[in-house]
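Below are the chains, spelled out letter by letter.
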Amino acid sequence: MMAGFEPQIIAFCCNWCTYAAADLAGTSRMHYPPNVRIVRVMCSGMVDPIYVLKAFEGGVDGILVAGCHLTDCHYIDGPVKCDETVNKLREVLHVLGLEDKRLRREMVAASEGVLFAQVINEMVEDLKKLGPSPFKAKTEALA
Amino acid sequence: MEEIRTGVYICHCGLTIAGVVNVEELTEYAESLPNVVVSREYRYMCSDPGQDLIKKDIKELGLNRVVVASCSPRMHEPTFRKTVEDGGLNPYLYEHANIREHCSWVHDDKELATKKSKDLVRAAVKRVFHHESLVTREIPLNPNVLVIGGGIAGMQAALDIADGHNKVYLVERDPSIGGHMAQLDRTFPTLDCSECILTPKMGDVGHHPFIELLTYSEVEEVSGSIGDFKVKVRKKARHIDESKCIGCNLCEEKCPWKTDSEFEAGMAKRKAVYIPFAQAIPNIAVVDADLCAYIQSDGKKCGACIKLCDAGAITPETLLKQTDEIVELEVGTIIVATGYDQFDPSVIPQYGYKKYDNVLTGLEFERITCAAGPTEGKIVTKDGRPVESIGIVHCVGSRDENYHEYCSRVCCMYGLKYAHLSKEMANADVYEFYIDMRCFGEGYEEFYKRLSEEGVNFVRGKVARITDEAQTDEEQGKLIVVSEDTLLGKMIRVPVDMVILCSALEARSDAENVGKVFNINRRADGFFLERHVKLDPVATPTDGVYIAGCCEAPRDIPDTVAQAEAAAGKALSLISKGTVTLEAAISTVDEAICHGCGRCEEICAFSAPNVVTKNGTLVSSVNEALCKGCGSCAVVCPTGAIAIKHFTQDEILAQVSALTEA
Amino acid sequence: MNLEDIIQKTKPYYCLECGKCTSICPVSRYDPGFTPRGMIENALLGFDDEVVLNRKLFSCLTCYTCQPECPSDVDFPVFVREARGLAQDNGQSGVCAHSGQLQSLARLMTNPDIKQNRLEWLSGEHRVSDDSDVLLWVGCAPYFEPIFRDVEFSALGVIKSTLKTMNSLGVEPRLLPNERCCGHDALWTGDFETFRKLAEHNAAQIREAGVKKIVFSCPEGYRTFKMDYPAHVKLDCEVQHFSEFVAERIGKNGLKLKETKKKVTYQDPCRLGRHLGVYDAPRKVLESIPGIELVEMRHAGPDSICCGTSAFTNCDSHSNLLRSERLKEAAATGAETLITACPKCQTHFRCATTDRGEERRSTPRLEIMDLANLVANATGE
């Protein structure tokens with residue numbers, strides 16, 4: 001583990017639930033570490049494996065894919081589709097030797113600002129323990 | 001390709017952003033980004049002068065892309081899209097960076113918050129580079145409305161819409177409209193007679209020039225989308241000539257074949273040919289083909305009704321030849337008000353329902369107190385004895401993890417109503433077994449207070465069992481309600497003549513199928529799921545399909561009516577606009593790439609993509625009125641033929657790679 | 001580098017504009033917008049953008065149908081490959097199938113620090129040896145496994161069958177735990193940087209392992225090691241396709257194949273056939289299995305037609321037509337099974353046969369399997 005290592009996280013959040021939860025964390029002034037950057041998608045089921053792979057190619061240390069709970073989906077069953085994508089992706093990333101905790105899947109409802117902040121806190125902690133992504137060297141080598 | 005000229009606008013939001021993020025540094029940084037021709041900061045970008053800055057720059061600097069970094073896009077993206085549009089650009093050539101909710105409000109380290117804001121602005125600038133002009137489309141809306149369910153919710157919604165001179169098709173599964181409310185005797189807390197307030201409404205529905213009533217009918221298939229639904233309704237054979245029946249009821253009087261009356265909750269009999277109840281609308285007979293000996297014997301037996309029907313409404317033809325009819329309707333909006341089923345308490349064996357004659361459900365007791373009911377309004381036991389004491393058991397099947405976790409909302413109040421009626425009509429001793437009294441509506445708490453004063457015995461405790469095994473002489477021949485009185489902290493045994501189980505309201509047993517027909521989801525408790533529990537309570541995820549009444553959750557009559565009027569209001573606002581605006585950010589197929597493999601068709605929850613043959617090859621074709629832009633089709637598309645407008649791979653990947661640059 | 005340099009390097013200026021390439025090109029047959037002659041013409045006339053920025057540049061299957069027929073010996077596939085390098089630099093990378101995941105995985109594999117879990121599928125029934133000087137190339141199979149489950153294809157199944165067959169021939173090969181993608185697709189789509197890095201990683205590991213021979217079940221890996229690696233990395237070992245490995249042991253080494261009653265036809269993979277000239281070995285293997293009746297398609301051997309997609313780019317409606325026509329040709333032989341010797345062919349054919357909507361399909365539902373699967377089944381006890 002690197003001293004003072006600050007993990008970089010990209011979070012793909014669905015517009016209706018988790019993006020709103022992150023908004024709620026904001027309006028409630030809940031503080032969480034500034035390591036996360038949110039990319040808004042309409043539905044967690046819209047997250048294509050390539051978004052995650054490209055983010056890892058770019059050298060991020062962890063990725064969160066988060067959206068509505070199973071029963072809250074604006075599009076009926078997006079979370080189920082998202083689970084399928086993430087599970088398949090996990091298998092691929094496992095072969096690549098990537099630690100499981102670098103890809104996190106959560107369901108965070110619009111009302112769960114606290115949960116959103118908690119997930120980010122946990123991720124930052126987990127990733128600090130894991131250290132930089134094994135794909136980081138490539139970005140640095142290319143830079 | 002046109003040169004991309006982007007303007008970036010950083011909002012201070014007073015001090016809520018500027019107090020944490022170094023907005024000057026951020027603005028300077030934004031100007032250094034590729035394709036950015038101007039970057040400005042302003043105290044309140046959403047104010048008129050703030051918006052004017054953008055409009056002016058679009059004109060004077062020839063901007064063709066705009067980024068505003070401010071609060072959440074869920075707050076002001078629509079505002080700035082409008083600004084950009086007013087400035088002469090397509091509203092989709094705009095991108096929003098959230099540096100308030102996602103940055104200045106959650107971080108306090110100024111340096112890191114400024115760095116994060118730079119990342120978010122850079123991602124927005126790189127994303128907006130790929131944005132394309134999109135056009136929202138308007139399609140005409142068919143003003144006709146389909147209402148499913150002829151209970152109080154469906155009737156109210158139908159009347160509201162029809163009173164505005166819009167055509168309503170009201171489809172009811174049973175032979176008459178009226179629903180559960182028609183079976184009720186009196187309504188809490190006012191104790192006005194249910195029939196007295198309901199039947200005029202039923203009459204209005206029956207005679208309304210803008211309502212076409214389809215009773216004894218069920219919707220089989222719905223296709224199309226908001227503004228343009230095509231509906232197939234199965235009109236079941238009544239085996240009578242509807243146009244001739246005058247509702248004289250002679251046929252029913254003479255018909256020799258009997259079964260339990262559904263309307264009387266099984267407490268009285270009806271015939272094979274019958275009118276469900278005296279005030280039925282339409283007031284015409286229906287033949288129960290399974291019970292009718294003439295039909296079952298193929299015309300060899302009975303035939304009494306044919307001989308008696310002077311109107312000529314029942315003939316060998318109608319009995320033997322009449323078949324179900326499929327009616328096709330075209331409507332623009334649909335309101336589903338299919339109501340609830342009463343929980344069957346026989347699944348709780350310790351309560352002895354169906355085992356002991358005098359353990360009744362609420363609906364059965366409603367019929368007992370009703371003057372037109374099987375006991376002509378006398379509260380008596382099954383064998384006709386007067387009732388001296390009554391136990392009323394709350395939460396039967398509700399607030400119970402073994403059955404339904406939810407509160408059925410109406411039981412406390414109807415339990416109190418029964419207590420009052422038992423006192424008033426039979427001068428009985430009343431024991432009300434409750435967990436909590438939930439009396440939340442208008443006049444409800446007052447009613448509870450009144451009942452307390454009337455001398456009802458309130459016992460706080462969930463009833464353990466109901467038995468006829470007497471332990472004392474006093475208990476002989478009685479039903480004994482065994483419970484703990486939790487306020488006294490001791491077990492009690494209360495001998496009574498009759499027990500009423502306040503049975504839960506539960507989702508219709510066929511709710512799953514109905515949900516599939518109308519593309520409505522259900523919650524874990526089986527009821528239909530609204531689009532948003534607080535802010536969109538009568539809409540469903542399917543545009544143009546609304547829900548009202550107990551099909552969405554248990555509720556009382558005032559709430560049901562309010563919801564029905566809300567659903568009618570939704571339909572009416574669409575009708576008064578006359579068109580439907582289609583989402584612009586939806587999926588689009590590159591037909592040169594598409595194989596027509598059908599994976600998109602398979603995954604879509606809205607049946608938007610369909611594989612069709614074009615120029616001899618199979619390609620996916622997206623119904624723009626059905627597509628919601630959720631993007632699942634693009635994920636499963638193996639070739640990259642499907643893209644979601646405004647959420648294309650290029651757009652999202654530009655954002656992702658910009659975020660990994662720093 | 002600009003297109004001029006590529007022209008100098010690949011010499012398309014000998015082109016007579018006879019159009020034979022276009023008339024014989026399997027893509028042009030279905031996609032009138034794709035013409036090798038036209039592309040060369042545009043390049044020679046200096047319309048670089050027309051060539052380089054056009055996504056059709058990525059439609060070429062680099063199947064080598066055209067080059068042997070060209071009267072001027074213009075190596076169109078190599079011209080395309082080099083032009084793609086330029087296209088990549090200018091932001092054109094064609095339409096990546098599977099949203100570009102496979103391209104991304106190849107790039108991720110260039111990273112020196114990764115520790116892959118690529119051999120978790122090995123079980124007690126497989127015999128491998130770290131002392132062996134024969135390497136079995138596993139390649140991308142562990143990645144294909146989850147990605148192509150949707151088309152009911154098991155790439156690891158092919159590897160397992162290859163290993164089982166090698167074991168039954170008394171060979172316990174070595175497997176490398178941190179092998180990378182061979183870089184074939186990166187090379188052919190013009191991502192030369194990724195290709196070079198992958199080649200270097202692989203060469204270093206193979207050198208370190210002291211391997212003398214590499215056996216491939218994937219013709220793309222085989223082609224890449226045999227024809228492309230030598231220009232970039234130093235490797236001194238024999239390379240062989242599975243079919244060749246088995247073919248030279250038929251009748252020797254006690255390879256006993258049990259009777260398998262099946263009428264089959266055989267798809268020559270472009271890389272194995274036209275690129276490397278291996279036509280006989282797979283047929284010899286097929287014929288050595290008792291009970292197998294091999295019936296050839298109308299286009300077989302050097303005339304064979306590609307499965308329709310290369311390097312997971314531009315898998316478009318025309319590729320699909322090409323693919324279904326090929327499947328119809330296979331079905332027309334009366335064979336019940338289509339045997340391929342390339343995991344990519346199988347992926348693409350299975351994709352077409354697992355299309356949704358049974359009632360509207362015109363693609364024959366043939367059984368498709370790899371030669372290795374067939375042989376391994378025949379070696380079974």
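Treat the numbers as computed from the prediction; the structure is a model and nothing was measured.

> Looking at this structure, how should I read the sheet that holds strand β3 (residues 238-241) of chain C?
Remark on secondary structure: sheet strands pair via backbone hydrogen bonds, oriented parallel or antiparallel. All names here are of chain C. With parallel pairing, 3 strands are arranged side by side in an open sheet as β1-β2-β3. In this open sheet, the two strands that pair with only one neighbour each are β1 (134-137) and β3. Each strand axis lies, on average, 25° off the axis of its neighbour in the sheet, ignoring direction. Here strand β2 (residues 213-216) pairs with β3 via 4 bridges, running parallel. Paired with K213 across the two strands is E238, which belongs to β3.

> How should I be thinking about the interface of chain A and chain B in this particular structure?
Taken together, the 37 residues of chain A in the interface contact 40 residues of chain B. When residues of the side of chain A that touches chain B are traced back to their parent elements, those giving at least two are α1 (18-27), β2 (36-41), α2 (49-57) and α3 (78-95) of chain A. It is α1 of chain A that provides the largest number of residues to the side of chain A that touches chain B, a total of 6 residues. Residues of the side of chain A that touches chain B, tallied by class, amount to 19 nonpolar, 10 polar and 8 charged.

> Can you walk me through the domain arrangement of chain C in this structure?
How big an interface is tends to be reported as the loss of accessible area on association of its parts. Residue and element names in this part refer to chain C. According to the domain assignment, chain C consists of domain 1 (3-89), domain 2 (99-247) and domain 3 (262-379). Here domain 1 and domain 3 have C-alpha centroids that lie 26 Å from each other. If you look at the interface, domain 1 gives 12 residues, while domain 3 gives 11 residues. Of the residues assigned to the side of domain 1 that touches domain 3, the class counts are 7 nonpolar, 3 polar and 2 charged.

> Mind showing me how you'd approach the nonpolar core here?
If you look at soluble globular proteins, the nonpolar side chains tend to sit buried side by side. If you look at the biggest cluster of nonpolar residues, it comprises 384 residues, and the most contacted ones within it are A157, A158, I335, V336 and I500 of chain B. Apart from the residues within four sequence positions on either side, V336 of chain B is in contact with I148, G149, F518, I520, F528, V545, I547 and C551 of chain B.

> Would you mind showing me how to read the confidence of the model for chain A here?
Close inspection of predicted coordinates is inappropriate in any region flagged by low pLDDT. Taken residue by residue, chain A gives an average pLDDT of 91. The fraction at 70 or more is 93%. Confidence over residues 138-143 of chain A falls short of pLDDT 50; this stretch has 4 contacts with residues more than four positions distant or in other chains.

> Would you take a moment to explain the confidence of the model for chain C for this structure?
Averaged over all residues, the pLDDT of chain C equals 94, while 99% of them reach at least 70. The complex prediction reports pTM at 0.75, with the ipTM value standing at 0.95.

> Whenever I open this one, α1 of chain A confuses me. Can you help?
Side chains of residues three or four places apart in an α-helix project in the same direction, reflecting 3.6 residues per turn. Counting buried positions over the 10 residues of α1 of chain A gives 9, a clear majority of the element. When α1 of chain A is considered as a whole, its buried residues turn out to be T18, Y19, A20, A21, A22, D23, L24, A25 and G26 of chain A. Summarising the contacts, the buried residues of α1 of chain A are in contact with β1 (9-14), β2, β3 (62-67) and α4 (113-130) of chain A together with α3 (73-86) and α4 (100-104) of chain B. Just downstream of α1 of chain A, R29 of chain A is the residue with a positive phi angle, here 55°.

> Looking at this structure, I do not really get unusual backbone geometry. What am I missing?
Of all residues except glycine, most have a negative phi; of all peptide bonds, most are trans. A cis amide bond links F188 of chain B with the next residue in sequence, P189 of chain B, at an omega value of -10°. Positionally, P189 of chain B belongs in the loop between β8 (186-187) and β9 (192-193). P282 of chain B follows I281 of chain B through a cis peptide bond whose omega is -5°. With respect to the helices and strands, the residue P282 of chain B is situated in the loop between β15 (273-274) and β16 (286-287). Located in the positive-phi region is R399 of chain B, a residue other than glycine, with phi close to 50°. For R399 of chain B, the location among the structural elements is in the loop between β21 (389-396) and α14 (411-426). Backbone geometry at Y64 of chain C places phi at a positive 60°, although glycine is not the residue there.

> Can you help me understand the interface of chain A and chain C in this one?
The interface is formed by 18 residues belonging to chain A together with 20 residues belonging to chain C. Among the secondary structure elements, those contributing two or more residues to the side of chain A that touches chain C are α2, α3 and α5 (136-142) of chain A. Of all the elements, α2 of chain A adds the most residues to the side of chain A that touches chain C, at 6 residues. Residues belonging to the side of chain A that touches chain C are distributed by class as follows: 10 nonpolar, 2 polar and 6 charged.

> Teacher, can you tell me more about helix α17 (residues 343-353) of chain C here?
The buried fraction of α17 of chain C amounts to 10 of the 11 residues, a majority that puts the element mostly inside the structure. Tucked into the core, α17 of chain C has its buried residues touching α8 (141-147), α9 (155-168), α12 (219-228), α16 (317-332), β6 (337-340) and β7 (367-370) of chain C.

> Whenever I open this one, the sheet that holds strand β5 (residues 292-294) of chain C confuses me. Can you help?
Residue and element names in this part refer to chain C. Pairing is parallel across the open sheet formed by 4 strands, whose spatial order is β5-β4-β6-β7. Looking at strand neighbours, the two that pair on one side only are β5 and β7, the edges of this open sheet. The average angle at which neighbouring strand axes cross in this sheet is 35°, direction not considered. In the sheet, strand β4 (residues 262-266) pairs with β5 via 3 bridges, with the strands oriented parallel. Among the inter-strand pairings, K262 is bridged to a residue of β5, identified as I292. Relative to the sheet, helix α18 (residues 371-379) contacts β6 and β7, its axis offset from that of β7 by approximately 80°.

Thresholds applied
Per chain, the residues get numbers from 1 upward, laid out in the order the sequence is written. Written order decides the labels, with chains lettered from A and ligands numbered from 1. Under the rules for a predicted model, residues below a pLDDT of 70 receive no local features and side-chain atom pairs below 80 are neither given nor counted, while totals for whole chains, interfaces and linings still include all residues. A strand pair is defined by DSSP finding two or more bridges across the two strands. A run of DSSP states H or I qualifies as a helix once it reaches four residues; a run of E qualifies as a strand once it reaches two. Both are numbered from the N-terminal end. Axes, fitted as lines to C-alpha atoms, cover a helix only where it is in contact. Angles between the N-to-C directions of the axes lie from 0 to 180 degrees. C-beta atoms are placed from the backbone for every residue, and two residues are taken to be in contact when these atoms lie within 7 Å. Residue type decides the class: Asp, Glu, Lys and Arg count as charged, Ala, Val, Leu, Ile, Met, Phe, Trp, Tyr, Cys and Pro as nonpolar, and the leftover types, Gly among them, as polar. In this entry, domain limits derive from an automatic or database-based domain assignment. Buried Ala, Val, Leu, Ile, Met, Phe, Trp, Tyr and Cys residues form a nonpolar core when they are connected through C-beta atoms within 7 Å. Around each residue's C-beta, the other C-beta atoms within 10 Å are counted; 20 or more make the residue buried, 12 or fewer make it exposed, and counts in between make it partly exposed. All C-beta atoms are placed from the backbone. Confidence of the predictor at the level of single residues is given by pLDDT, which spans 0 to 100.

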